[in-house]
Amino acid sequence: MEFASLQDLCLLLISLAIRRCICSERLCRLSVLLQRSPASDPPLVRISISDTGLGSCIEEFQNLKCPVEGILAETWNGIVYVRTTNICDKEISCYELNLKENVTTRKPILLPSNIKHGVKFSGTEVCLSVSESVDVLLEEFNCFFQKILVLKVPNIAMEVMADGQDVPGSRNDAVFLEKFSPSSSFAASTLDHLKLGLESYVLRHGSSLACDSCFPNRDNLRSGGGMVCEDKHKTTKLVVEAAVVTSEIPNPTNNCFGAGCSDTKVLCFKDFAPCSISEALLKALTGIDWKRYGLALECAIDQRSHALLKWEHMPLSFHIHIVVHCYDKLVFEAMPLLQKTRFDKKLIRKAVKLALDDFKNKHAGVLLSADTLKVLACSRRNQEQLPKLASIFHLQISKFAPDLAKSIAGLVLYSSDMDFKEECLAILGLQPHQSEGEIVGENIKKKIISAIEVNDRRQQGTREVAPLLFEGRHELQYVDDECDEDGFDPMDL
Amino acid sequence: METTGLFKSSMRFFSDQELCYADILTPQEVLARIQVAVLNFLRILSSSTPAISNLPLIDRSSSNSRVNQGILTDESWIFLSHSFCTRSLMRANAAKAFVRVWKLMEMCSQILLQEKRVTQRELFYKLFCDSPAYFPTQLHVNRTIQDVVALLRCSRFSLGVMASSRGLVAGRLLLQEPEQETVDCAACGTSGYAISGDLDLLQKLTLKTDARYVIVIEKHAIFQRLAEDRVFNHIPSILITAKGYPDMATRYFLHRISKTFPHLPIFGLVDWNPAGLAILCTFKYGSIGMGLEAYRYACNVKWLGMRGDDVQLIPQESLVSLKPRDLQIAKSLMSSEILQENYREELTLMVEGGQKAELEALYHNGFDYLEKYLVKKIIQFNYI
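Here the structure is a predicted model, which means the values were calculated and not measured. (Residues numbered from 1 in each chain as written. Chains lettered and ligands numbered in written order. Predicted model: local features only at pLDDT ≥ 70, side-chain atom pairs only at ≥ 80, totals over all residues. Heavy atoms only, no water.)

### Let's talk about the overall build of chain B
So, point 1. From N to C terminus, chain B includes 14 helices and 17 strands.
So, point 2. Buried residues in chain B amount to 58% of all 384 residues. (Helix = DSSP H or I, 4+ residues; strand = E, 2+ residues; numbered from the N terminus. Buried < 20%, exposed > 50% of the residue type's maximum accessible area, 1.4 Å probe, protein only.)

Encoded structure:
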């Protein structure tokens, strides 16, 4: 496992800690502490990464490969101190390891251990001292943790603290703290967490709080997820999970995503850590039949920390967000060694496709087929506003279809009049024996959505006015929902 | 008669043709109308040009309200005409209201099939448990009921929804439900006899009286005071209250009394404020909100008190400034076509004076003063 910089090493150590916490399957704490010691010359920062997950086996660190020369020469001496213990151990083992030594020849130096005096706990602490600016390190860690939040790793409390020793006794409080979410549990899958995490990430887009101007409420977000896995070894299998979240921005011209921008950032994670974009991922993304989902991909660009997908004819207010996570899952209880998780292009493509299909099934009427998109694209050349309105319209109206269909099916089936029931079924094209609530409801729902789509596809100028329920009455004006307005006035004289 | 006067009275004669009303139907007839609605909807949905039909509703706003002024009688009433508004699923702001109408029709059809009747409150709880996203408050239920009334053109009661029973009656009146004991409203104590919300039941009541007047009272407290003092024995009368804004059942009951005993004048006793006048006018003319039905139950109620020249009877301290809400109501009343001239004058007096007063202020002159006040007013024909 190679790391190119100090930051890379730290992030790697943090992801090892996360894996240990996940494998422990219980509530854990992960802390990153930066301690300044200006008294030393040159001034050093002690980085401590500690967790209360499973105890580490020192082999985890054996394979970490430091670049022979270069950047790290001046800032760090290559030494890491590892203290680790398992629940049943009677002692805390301590090691010193020099990562600048050759991998094949390096050996950890065993240091005096600490006795636990009968107290049962497990955890690991890795320390190293570097000459680097605390602020630079903090920024890296913050960025990392913001991304990690997308994975919504369950039940790990994460914190980053910087200890200012310029003034004795002062302590900077946690600059980053990930709260437990009481609703998330080990019972929920990592895929569910991934979907929720992406939604939260979209709502916050980089900051710590949900953005009210872009997202007045969470209803504007829709999500779907997919997972594939493949057996790798006897003890592990490779899992690829993908999540898709779409959002509607009420004000497309003035929002945090940048006016006039509907590009998609694809976030990529490997083994519970953010990773840079690989060729395999880009190929997987370009190989998907986006037209099936009403999307036309212009190109996919590697932007190091994420992949950027540029679309043709995407409505400005509509955004798609995608995340892909590949990791090794332990089949049996075993210490997770850091295997080289490869990116499998086929698996990634399949996972993303499953996520899009799941999304489309859950949110009827969204991500329409290419035909509809062509019509929208055509009308967009004439009127800039039109496709944006059409897609908002779709999202807003079609969500009522299930409830409406259920009511009307209820009216049909609850009736005691057999003739009426039969006539209704005949109109719907159903046989008398197909009079179960679900069948009738589904049939009506499909027809309603189809009617909405037909309506949507027509250009606004040529949209026909829908017929009235009762004949012979002249239509005048449309009314909105008055219950949403203020003041019911009983004195309505 | 002047040409304009003749023209006006001819128009009155023809105004009945503009009248739009909700039928009082049997449950079977209502269910039949609902069936027609469902069949039409499904036909249009499954046609070669599928669409989701819009719902045409009688417009219940002041712009669609008309006034009928009685030619041969003194009764005038408000009614709604044939102006429509449309609820459509295809409008994002109206889609929820659209679905509500269907959900309510589904609920009402179940109620009617079970041969039950429910109050609006019970209906709210049922709908709230079933679909809280669509019916989060009582207001949503009440408004949707009016939508269904306006769509199917049948009365609320026909849908299986009972009016609330808020009204009370006391005094010289004998009531008898079919095959039940006769109830003497003079012996009911200060709480009086509760007017049922079941319009069918009210219709079947046998009524007997030896009263000479009917007094409609705005507030429960005043009703109780007069009932306790047995004023209805000193002035042979029937006392009725709806404890505030008149509900349908109380209006219906009053209307029945006025039709059964047409010689009995009906007096209104309300506070000196725009809300009091509005209550009086609702008994008198009906309302727009329930305009498809309320027109039937308008009665010729005369405004006994409190009025402008009664203000001198109360101490200055009991006068309170009019609030913005009062002014809003006053404005709404003023702009109504139906308000007769002398009422308009009184209202202007109220607004210009900028103050209001409650009937209880009369107690300043003694607890028995209210009765004396009533007697004096009636004897002197001091009502409008």
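### Some words on the overall build of chain A
So, point 1. Broken down by element type, chain A carries 12 helices and 16 strands.
So, point 2. Counting across all 493 residues of chain A, residues that qualify as buried make up 49%.
So, point 3. Long-range pairs, those at least 24 residues apart, make up 72% of the contacts in chain A with a sequence separation of at least 6.
So, point 4. By element, 52% of the accessible surface of chain A is carried by carbon and sulfur atoms, the whole surface being about 24000 Å². (Contact = heavy atoms within 4.5 Å. Areas by Shrake-Rupley, 256 points an atom, 1.4 Å probe, with all protein chains shown as cover.)

### Considering helix 12 (residues 324–334) of chain B
Residues and elements named next belong to chain B.
So, point 1. Buried within helix 12 we find Asp326, Ile329, Ala330 and Leu333. Relative to the axis of helix 12, the buried residues are bounded by an arc of 100° and lie together on one face. With respect to the buried face of helix 12, the exposed residues turned more than 90 degrees away are Pro324, Gln328 and Lys331. (Arc of directions from axis to C-beta.)

### Describing the packing of aromatic side chains
Residues and elements named next belong to chain A.
So, point 1. Counting across every chain of the model gives 13 aromatic pairs over all chains.
So, point 2. A ring pair is formed by tryptophan 290 and tryptophan 311, whose centres lie 5.1 Å apart and whose planes are at 80°; its orientation type is edge-to-face. Of this pair, tryptophan 290 sits in the loop between helix 6 (279–286) and strand 13 (296–302) while tryptophan 311 sits in strand 14 (residues 306–312), and the two are 21 residues apart along the sequence.
So, point 3. By relative accessible area, tryptophan 290 is classed as buried at 4%. (Phe/Tyr/Trp six-rings, centres within 6.5 Å; stacked < 30°, edge-to-face > 60°.)

### Quick look at the interface of chain B and chain A
So, point 1. Across the boundary between the two partners, chain B contributes 71 residues, which contact 51 residues of chain A.
So, point 2. The contact between chain B and chain A buries some 5800 Å² in all, and 66% of this surface belongs to carbon and sulfur atoms.
So, point 3. Taken together, chain B and chain A are joined by one salt bridge.
So, point 4. In this structure, arginine 43 of chain B and glutamate 423 of chain A form a salt bridge, with 2.6 Å as the shortest nitrogen-oxygen distance.
So, point 5. Across the contact surface, chain B and chain A share seven residue pairs in polar contact (both at pLDDT 80 or more).
So, point 6. Of all elements in the fold, only helix 2 (27–45), strand 1 (55–58), strand 4 (84–87), helix 3 (95–113), helix 5 (138–152), helix 10 (274–285) and helix 12 of chain B reach the threshold of two or more residues within the side of chain B that touches chain A. (Buried area = accessible area lost by both parts, 1.4 Å probe. Salt bridge = Lys/Arg side-chain N within 4 Å of Asp/Glu carboxyl O. Polar contact = N/O pair within 3.5 Å; in protein donor to acceptor, adjacent residues only side chain to side chain.)

### Some words on the nonpolar core
So, point 1. Among the nonpolar cores identified, the biggest contains 160 residues, and Trp102 and Phe253 of chain B are the most heavily contacted of them.
So, point 2. Phenylalanine 253 of chain B has contacts with Val169, Leu173, Leu175, Ile195, Leu202, Leu205, Leu207 and Ile240 of chain B, leaving out every residue within four places of it along the chain.
So, point 3. With 61 residues, the next largest nonpolar core counts Val126, Val134, Leu198 and Val239 of chain A among its residues. (Core = buried A, V, L, I, M, F, W, Y, C linked by side-chain atoms within 4.5 Å.)

### As for the packing of helix 2 of chain B against helix 3 of chain B
All names here are of chain B.
So, point 1. As a packed pair, helix 2 and helix 3 sit with axes 10 Å apart at the nearest point and diverge in direction by 140°. Relative to helix 3, helix 2 is oriented oblique. At the point where helix 2 passes helix 3, the crossing takes the left-handed sense. Facing Pro27, Val30, Leu31, Ile34, Ala37, Val38 and Phe41 of helix 2, the residues of helix 3 in contact are Phe98, Trp102, Met105, Ser109, Leu112 and Leu113.
So, point 2. Per-class residue counts for the contact of helix 2 with helix 3 are 12 nonpolar, one polar and no charged. (Axes fitted to C-alpha atoms, helices over the stretch in contact; angles between N-to-C directions. Parallel < 35°, antiparallel > 145°, perpendicular 65-115°, else oblique. Left-handed = near helix turned anticlockwise from the far one by under 90°. Nonpolar A, V, L, I, M, F, W, Y, C, P; charged D, E, K, R; others polar.)

### Here's the deal with the environment of alanine 409 of chain A
Residue and element names in this part refer to chain A.
So, point 1. The topology assignment puts alanine 409 in helix 10 (residues 401–414).
So, point 2. Alanine 409 sits 36 residues away from lysine 445 along the chain, and the two C-alpha atoms are 9.4 Å apart.
So, point 3. With residues near it in sequence (within four places) discarded, alanine 409 still touches Val440, Gly441 and Ile444.

### What about unusual backbone geometry?
Note: most peptide bonds trans; most residues except glycine with negative phi.
So, point 1. For the bond running from glycine 305 of chain B to methionine 306 of chain B, omega is -15°, close enough to zero to count as cis.
So, point 2. In this structure, methionine 306 of chain B sits in the loop between strand 15 (301–305) and strand 16 (320–321).
So, point 3. The phi torsion at aspartate 271 of chain A lies on the positive side, around 50°, for a residue other than glycine.
So, point 4. Along the polypeptide, aspartate 271 of chain A turns up in the loop between strand 11 (264–270) and strand 12 (273–274).

### Describing the pattern of salt bridges
So, point 1. Counted according to the given criterion, the structure contains 21 salt bridges over all chains.
So, point 2. Put simply, arginine 83 of chain A and glutamate 125 of chain A hold a salt bridge, and the shortest N to O gap is 3.2 Å. Within this pair, whereas arginine 83 of chain A is found in strand 3 (residues 79–85), its partner glutamate 125 of chain A is found in strand 6 (residues 123–130), the two being separated by 42 residues in sequence.
So, point 3. The closest approach of N and O atoms between lysine 353 of chain A and aspartate 357 of chain A, which form a salt bridge, is 3.2 Å. Taken as a pair, lysine 353 of chain A and aspartate 357 of chain A lie in helix 7 (residues 345–362) at a separation of four residues, close to a single helical turn.
So, point 4. On the basis of relative accessible area, lysine 353 of chain A is assigned to the partly exposed category, the value being 37%.
So, point 5. If you follow the salt bridges from partner to partner, you end up with Lys219, Asp271, Glu358 and Glu360 of chain B in one network.

### Structural notes on the environment of lysine 100 of chain A
Residue and element names in this part refer to chain A.
So, point 1. The residue lysine 100 is located in the loop between strand 4 (91–98) and strand 5 (109–115) in this model.
So, point 2. Its relative accessible area of 34% is what places lysine 100 among the partly exposed residues.
So, point 3. Considering only alpha carbons, one finds lysine 100 and asparagine 77, 23 residues apart in sequence, at a separation of 7.8 Å.

### As for the pairing of strand 2 (residues 44–51) of chain A
The side chains of a regular strand alternate, first on one face of the sheet and then on the other.
Residue and element names in this part refer to chain A.
So, point 1. Of all the eight residues making up strand 2, six are buried; the element is thus mostly covered by neighbouring parts of the structure.
So, point 2. By the bridge criterion, eight bridges tie strand 1 (residues 28–37) to strand 2 in an arrangement that is antiparallel. Following the sheet pairing, serine 31 is matched in strand 2 by serine 50.
So, point 3. Bridging between strand 2 and strand 6 involves seven bridges; their strand directions are antiparallel. Residue pairing across strands places isoleucine 49 opposite valine 126, the latter belonging to strand 6. (Pairing = 2+ DSSP bridges.)

### Overview of the sheet that holds strand 8 (residues 173–176) of chain B
Residue and element names in this part refer to chain B.
So, point 1. Within the open sheet, the three strands sit side by side as 9-8-11. Their pairing is antiparallel. Each of the sheet's edge strands pairs with one partner strand only, and the pair in question is strand 9 (182–184) and strand 11 (206–209). Direction aside, the axes of adjacent strands within the sheet are offset by 20° on average.
So, point 2. Across four bridges, the pairing between strand 8 and strand 11 is antiparallel. For leucine 175, the partnering residue across the bridge sits in strand 11 and is leucine 207.
So, point 3. Along the sheet face, helix 9 (residues 248–260) touches strand 8 and strand 11 and points at about 60° away from the line of strand 11.

### Notes on the UniProt feature "active site" (unreviewed entry) in chain B
So, point 1. Sequence positions flagged by UniProt for "active site" (unreviewed entry) are, in local numbering, Tyr125 of chain B.
So, point 2. Tracing the sequence through the fold places tyrosine 125 of chain B in helix 4 (residues 120–130). (UniProt positions renumbered as here; feature names shortened; annotations may be inferred.)

### Observations regarding the confidence of the model for chain A
Residues and elements named next belong to chain A.
So, point 1. Of all residues in chain A, 73% attain a pLDDT of 70 or more, and the chain-wide mean is 76.
So, point 2. Taken together, the stretch residues 165–178 has pLDDT below 50 and engages in 31 contacts with residues farther than four places along the chain or on a different chain.
So, point 3. Contacts from residues 372–376, a stretch scored under 50 in pLDDT, to residues over four places away or in other chains number seven contacts. (pLDDT = per-residue confidence, 0-100.)

### Remarks on a negative patch on the surface
Residues and elements named next belong to chain A.
So, point 1. There is a patch of like negative charges on the surface, built from Asp8, Asp135, Glu139 and Glu140.
So, point 2. With three residues, the top contributor of residues to the negative patch is helix 4 (residues 134–151).
So, point 3. Structurally, the position occupied by aspartate 8 is in helix 1 (residues 6–24).
So, point 4. Overall, aspartate 8 belongs to the partly exposed group, its relative accessible area being 37%. (Patch = residues over 30% accessible without salt bridge, like charges linked within 9 Å, V, L, I, M, F, W, Y side chains within 5 Å. Lys, Arg positive; Asp, Glu negative; His and termini not counted. Charge placed at Lys NZ, Arg CZ, Asp CG, Glu CD.)

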